[in-house]
Amino acid sequence: MLLVEDNATDIFVITEVLESCGLNLRLRISRDGREALRYLQDLEEDHSSKCPVLVLMDLNVPKVEGIEVLRQLRHGSRCKRTPVIVVTSSDAERDRAAARGLGAEAYFQKPATLTAYMELAQLIKSVLHFPK
Amino acid sequence: MAGDAQVRRLRTLYQLLASLSRASALEEVYEASITSLLDATDADRAAILLFDDDGVMRFKASRGLSEEYQAAVTGHSPWPPGTIDAQPLVVPDTRLDASLSAYLDVLDREEIRAVAFVPLALDVGVFGKFMLYYAEPHEFTTGELEISQAIAAHAALATRRKRAELASAQTERRLEAILDNSAAVIFLKDVHGRYLLVNQHFEELFHVTKAAVVGRTDHDIFPPEIADRFQANDRAALAAGKSLTVEEHVPQDDGLHTYVSIKFPLRGADGVVTGVCGIATDITGRKQLEAASRHLAAIVESSEDAIISKNSKGIITSWNEGAQRLFGYTASEVVGKPVAILAAPDRIDEMPGILARILQGRRVEHYETRRQRKDGQIIDVALTVSPVRDAAGQIIGASKIVRDISDRKLAERERASLLAREHEARQTAELLNRVGPRLAAQLDLGKLVQEVTDIATALVGAEFGSFFHNVTNEKGESSMLHTVSRVGREAFADFPIPSDTELFGATFRGEGILRCDDVTRDPRYAKNPPDQGMPEGHLPVRSYLAAPVTARSGEVLGGLFFVHSVPGKFTATHEAILTGITAQAAIAMDNARLFEQAQWIQAELKRSNEELRRANQDLEVFAYSASHDLQEPLRTIAISAQLIERSWGSQLQGRDATFLANILVSTTRMNGLIEDLLSYARATKYEGGPAPSVDSGRILADVLQSLRGLIQEAGATVTAGELPAVAIHDNRLAQLFQNLIGNAIKYRGKEVPCVSITATKRDGWCVFSVADNGIGIEPEYAERIFGLFKRLHGRDEYPGSGIGLAICQRVVEQYGGRIWLEQSAPGRGSTFCFSVPICP
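Residues numbered from 1 in each chain as written. Chains lettered and ligands numbered in written order. Predicted model: local features only at pLDDT ≥ 70, side-chain atom pairs only at ≥ 80, totals over all residues.

The helix and strand inventory of chain A stands at six helices and five strands. Secondary structure elements in chain A, listed N-terminal to C-terminal, are β-α-β-α-β-α-β-α-β-α-α. In chain A, 67% of the contacts between residues at least 6 apart in sequence involve partners at least 24 apart. (Helix = DSSP H or I, 4+ residues; strand = E, 2+ residues; numbered from the N terminus. Contact = placed C-beta atoms within 7 Å.)

Here it is as structure tokens:
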């Protein structure tokens, strides 16, 4: 499972959310877009490795925009079917449309309360249990 | 023998006297004389010759002479005519006489050897001769010559007497012929009134013969009273002893005739009056003519019209009362003068033409022309001119009837002038109607003034025209420009702009049209230094026409100036045309200026719209960045604070707990503010076409549904009237309702809140009003409440960021509408109104 996120607080909260889901998955965290792309490139080249079961993607990340990372994932060959949930503080229609256009399974706007944040768990479960 | 000869001579003489006394013609006198000569002498041939009136001796009678001989000797005379005491000449032998040598051959051929010349003479001298011819030489005896002289003396006397008789008879015949051929009645009466002689005309008129009338008196021929009058006149003439002229009336077959009789006494050779002679001329026809003529003259004199006659040379020969009245001249002033004195100065040329026409025998009828009175006044007249002929049909002049038609002409002229003026006015109006749209269509101020100048210059017929007009540039600086027409700008390049001189100033001050036939004679002309008139090199100017162009506001936009080098070129009509043009030009210039302003405003509007759009765009960009860049750290703070609270909340004490709580509250509020700001930024009109029609009632129902929680919590009553369809995007209308109704409930007083929504349509707009019974607003805050983040109350009292009404105002204004606080007072509730467009 891949989490592309630079905000430590968010990383902490999302880790808690994943724990609350009861999913015991190996979590790989990329703290910027370039790092994420490098990982994806490695996956593409190493045929023995497994594609992540899910990608949680923040759009506003350093170096390379999240949308660009998503685009390259979808245009790769091996892991292009990996489900993606965009987790971002943006509620701009522009961003929602871009995510939708690149085949993101879900879009979660980061809330300002922990309670609301925890609802991300439900979304992750539904994506994993009912992939498109 | 001598006694026999003597006897023969006496007998011959006796027989001659008898013959002469019987002779009725001169020829008989001559023949008898020759016969006597041949009887009384030994001559075998004889002849008588007389001087004619030219003094040439010619044969009157002869015996035994050839024609040749007579012709050869005619003219020969021993004596000149009238010789006194001429004596007979004898030539006993022609061959021996030298005096006849010239005739010797002639005499020999005629076998004449001796001749005698015997003079025929009276107290007046020789007037002829007897010739005695002899075939043999002859010795003349005394007796022969004496008897010849005696015969000559008798023949001479007889010839004279006969000549006198013949002359007398001829005179009588001539007189008789004259009398008989006279048209007059001629008669002779003796002192007792007895007719001695009447002429043929008398015979014919009174049916008498000369023979029958002689010896009779007038009483035998005429009625008694006529006869008495005749005789009285005869006696008067006799008593006067000289010729009298009297008028006498005589009955004739065709009625009473009038005669002019000249009666005079006849005297004998002794001077004693022997009778009276009368010569009477019938003047009945002349009398009738005179009467007719007097009648005609009366008609002519009493005629209203002037009746004038003139001779073939155009000299006035008669002049009636009417003529005097019409022309002011008396007859004595003009008769004998040429008719040309009556012609108007501009019509003198036509008179020879009229006269020529008359002399051709043609009439001139109802010829309308102009004549001049004695006092110089010109009058309109109608002429009828007819040729006048003498008895032989020769044209000797003309009669002319002149009628004064000045009144009629005046009326005609007035009517023509009215028609002309009406026509002119109509033309001017049409002209201006054509010019108006052309000027109105020209919105470029520069082209417009040129067009105005060109059109006006052409219409007033100026040699050149110019338009001086004020212009104000963008910086508000005023200056004067000018356009010219029909002449190059360079013609004025060196001259100063017309300034506030006496002449130009009036126009630039807007004091109306100024028209001068000759500007150089205008008192305002040449009053200003330095030029004192036109500057040197200026085009010549006499006629001057200037008009101000004045805007509706009263501002003088400029002046139109037209000139011509010939004086008196501009008329009242040109002035009228110019008045029209300046009015149209002023309107067109106003329009052009407005158009320029409108264009500027439009450009300005476009620019400000662009600015607005950019500002909106900036706001959206801001809003977007706010959602990411502002909200992101805030959210991180909030989440982090919550994590701290979750981990340490129960352990924090006192101030620390308060600080953490403040962080949490402030982040929440900050988040709310950002959300509101975002809403405000997005409260713009959707781009891409006009708003669709929206059922405002349906939108209200949706809004009330979403506000259900709030309404129920407050126990509020919301009522709405009939709501129309409006042209505004549905979510924007919902925003308006939501904010206003939400406020109405939020700012409630102690009473149960009651909200009423109504709508009224007016002039393409729908005004919604939302009235409540809440706490109300102080009037002084009526404007301020629409400001961004403006609040009137403490946050503890009434929550909220103070952005609701600002958003409402922004939304409404995006659609061109307005929002305002209709009425409010503290504790008495508020009514908010907003207007949005209705679907067209």
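Okay, back to it.
With that out of the way, let us pick up the overall build of chain B. Helix and strand content of chain B: 21 helices and 27 strands. Taking the contacts inside chain B whose residues are at least 6 apart along the sequence as the reference set, 56% of them involve residues at least 24 apart.

The next subject is the pairing of strand 15 (residues 395–404) of chain B. Residues and elements named next belong to chain B. In this sheet, strand 15 lies alongside strand 11 (residues 306–311) in antiparallel orientation, the contact comprising six bridges. Of the residues in strand 15, the one forming a bridge with Ile307 is Ile401. Relative to strand 15, strand 14 (residues 378–389) is paired through nine bridges, and the arrangement is antiparallel. Opposite Val388, over in strand 15, you have Gly397 as the bridge partner. (Pairing = 2+ DSSP bridges.)

It is worth spelling out the sheet that holds strand 6 (residues 185–190) of chain B at this point. Residues and elements named next belong to chain B. Ordered in space as 7-6-10-9-8, the five strands form an open sheet in which the pairing is antiparallel. Of all the strands in the sheet, the pair left with one neighbour each is strand 7 (195–198) and strand 8 (244–252). With strand direction ignored, the average angle separating the axes of adjacent strands in the sheet is 25°. (Axes fitted to C-alpha atoms, helices over the stretch in contact; angles between N-to-C directions.)

On to the interface of chain B and chain A. Taken together, the 15 residues of chain B in the interface contact 13 residues of chain A. Where the side of chain B that touches chain A is concerned, the elements lending two or more residues are helix 16 (572–648) and helix 17 (654–682) of chain B. No other element matches the 13 residues that helix 16 of chain B contributes to the side of chain B that touches chain A. Partitioned by chemical class, the residues of the side of chain B that touches chain A number four nonpolar, eight polar and three charged. (Nonpolar A, V, L, I, M, F, W, Y, C, P; charged D, E, K, R; others polar.)

Moving on to the pairing of strand 2 (residues 57–63) of chain B. All names here are of chain B. Where strand 1 (residues 45–51) meets strand 2, six bridges bridge the pair, whose relative direction is antiparallel. Along strand 2, the bridge assignment pairs Ala46 with Arg63. Hairpin connection between strand 1 and strand 2: a loop of five residues separates the two successive antiparallel strands, and Gly55 in this loop has a positive phi of roughly 80°.

Moving on, we come to the sheet that holds strand 3 (residues 55–57) of chain A. All names here are of chain A. Judged by pairing direction, the sheet is parallel, and its five strands sit side by side in the order 2-1-3-4-5 without closing on themselves. The sheet terminates laterally at strand 2 (28–30) and strand 5 (106–109), the two strands that pair on one side only. Strand after strand, the sheet turns through a mean of 20° between neighbouring axes, direction not considered. Across three bridges, the pairing between strand 1 (residues 2–4) and strand 2 is parallel.

Residues and elements named next belong to chain B. Counting residues in hydrophobic clusters, the biggest one holds 41 residues, and the most contacted among them are Ile741, Val770, Cys808 and Phe834. Those elements that place two or more of their residues in this core are helix 17, helix 18 (696–706), helix 20 (730–746), strand 24 (754–762), strand 25 (765–771), helix 21 (804–814) and strand 27 (830–837). Counting residues per element, this core draws most heavily on helix 20, at seven residues. Each of two domains, domain 5 (609–682) and domain 6 (689–837), supplies a minimum of three residues to this core. Ignoring sequence-local partners within four residues, the contact set of Ile741 consists of Val703, Leu707, Val718, Val755 and Val770. Counting residues in each nonpolar core, the second largest holds 38 residues, with Leu20, Val91, Ile112 and Leu120 among its members. (Core = buried A, V, L, I, M, F, W, Y, C linked by C-beta atoms within 7 Å. Buried ≥ 20, exposed ≤ 12 C-beta atoms within 10 Å, placed from the backbone. Domains from an automatic or database assignment.)

Residue and element names in this part refer to chain B. In the contact formed by helix 2 (residues 26–40) and helix 5 (residues 142–181), the axes pass within 10 Å of each other and the chain directions differ by 175°. Taken together, the axis directions place helix 2 and helix 5 in an arrangement best described as roughly antiparallel. Between helix 2 and helix 5, the residues in contact are Leu26, Val29, Ser33, Ser36, Leu37 and Ala40 and Ile147, Ser148, Ile151, Ala155, Ala158, Thr159, Lys162 and Arg163, respectively. (Parallel < 35°, antiparallel > 145°, perpendicular 65-115°, else oblique.)

All names here are of chain B. Mapped onto the elements, Arg698 comes out in helix 18. Taking the C-beta count within 10 Å as the criterion, Arg698 has 13 such neighbours and is therefore assigned partly exposed. As a C-alpha pair, Arg698 and Ala725 span 27 residues in sequence and 9.5 Å in three-dimensional space.

Residue position: Ser318 of chain B is located in strand 12 (residues 316–319). Considering only alpha carbons, one finds Ser318 of chain B and Ser399 of chain B, 81 residues apart in sequence, at a separation of 8.9 Å.

What follows concerns helix 13 (residues 406–441) of chain B. Compared with an ideal rise of 1.5 Å per residue, which puts 36 residues at 52 Å, helix 13 of chain B spans 51 Å between its outermost C-alpha atoms and is within 8% of the ideal. With two of 36 residues buried, helix 13 of chain B lies mostly on the surface of the structure. (Expected span 1.5 Å × (residues − 1).)

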